[in-house]
Amino acid sequence: MSVRDLRWKAAYLVAAAGVYLVDQVTKSWAVRELRDGDERSIIDGILYLGYSENSGIAFGQFQNGGAFGRWFFRCSPVRPPSASWCI
């Protein structure tokens, strides 16, 4: 592997870490500032930021000890190979 390849891989790793960090910081900010129903106007009349939580089966059923979601997916005969770790 050449030095040039290593530099590209390092640059991608740094960029990915930067995107992840920005994502986590903005999520933390949204939870702190917008959770109580507040809205922030970014562009008046066009773009607003608000806070909501997804309580669907993909996320909500695994929270707070959601036994249905855990057992449904554990016993489901159709699942991708990457999900076999949950057995």
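Now for a look at the structure at hand. (Residues numbered from 1 in each chain as written. Predicted model: local features only at pLDDT ≥ 70, side-chain atom pairs only at ≥ 80, totals over all residues. Heavy atoms only, no water.)

**Structural notes on the environment of Asp-38**
Basically, it comes down to this: In DSSP terms, a helix is any run of H or I states spanning at least four residues, a strand is any run of E spanning at least two, and both are numbered starting from the N terminus. Here a residue-residue contact requires only that any non-hydrogen atoms of the pair lie within 4.5 Å.
Its location among the elements puts Asp-38 in the loop between α1 (3-34) and β1 (40-43). When near neighbours in sequence (up to four residues on either side) are disregarded, Asp-38 contacts Glu-33, Leu-49 and Gly-50.

**Quick notes on the pairing of β1**
Note the cut-off: Two strands pair if DSSP finds at least two bridges between them.
With three bridges joining them, β1 and strand β2 (residues 47-49) adopt antiparallel strand pairing. If you follow Ile-43 over to β2, its bridge partner there is Leu-47. Between β1 and β2, which pair antiparallel one after the other, the connecting turn spans three residues, and Gly-45 there sits at a positive phi close to 80°.

**Quick look at the pattern of salt bridges**
To keep things clear, this is the line we draw: For this analysis, a salt bridge means a side-chain nitrogen from Lys or Arg found within 4 Å of a carboxyl oxygen belonging to Asp or Glu. Between buried and exposed lies partly exposed: a residue is buried under 20% and exposed over 50% of the maximum accessible area for its type, with that area taken using a 1.4 Å probe on protein chains only.
In the structure shown here, the tally under the stated rule is two salt bridges. Measuring nitrogen to oxygen at the nearest pair gives 3.2 Å for the salt bridge that ties Asp-23 to Lys-27. One end of the pair is Asp-23 and the other is Lys-27, both in helix α1 and four residues apart, which spans about a single turn. In this structure Asp-23 comes out as partly exposed when scored by relative accessible area, which is 29%. Arg-40 serves as the salt-bridge partner of Glu-33, at 3.0 Å between the closest nitrogen and oxygen. The class for Arg-40 is partly exposed, based on a relative accessible area of 31%.

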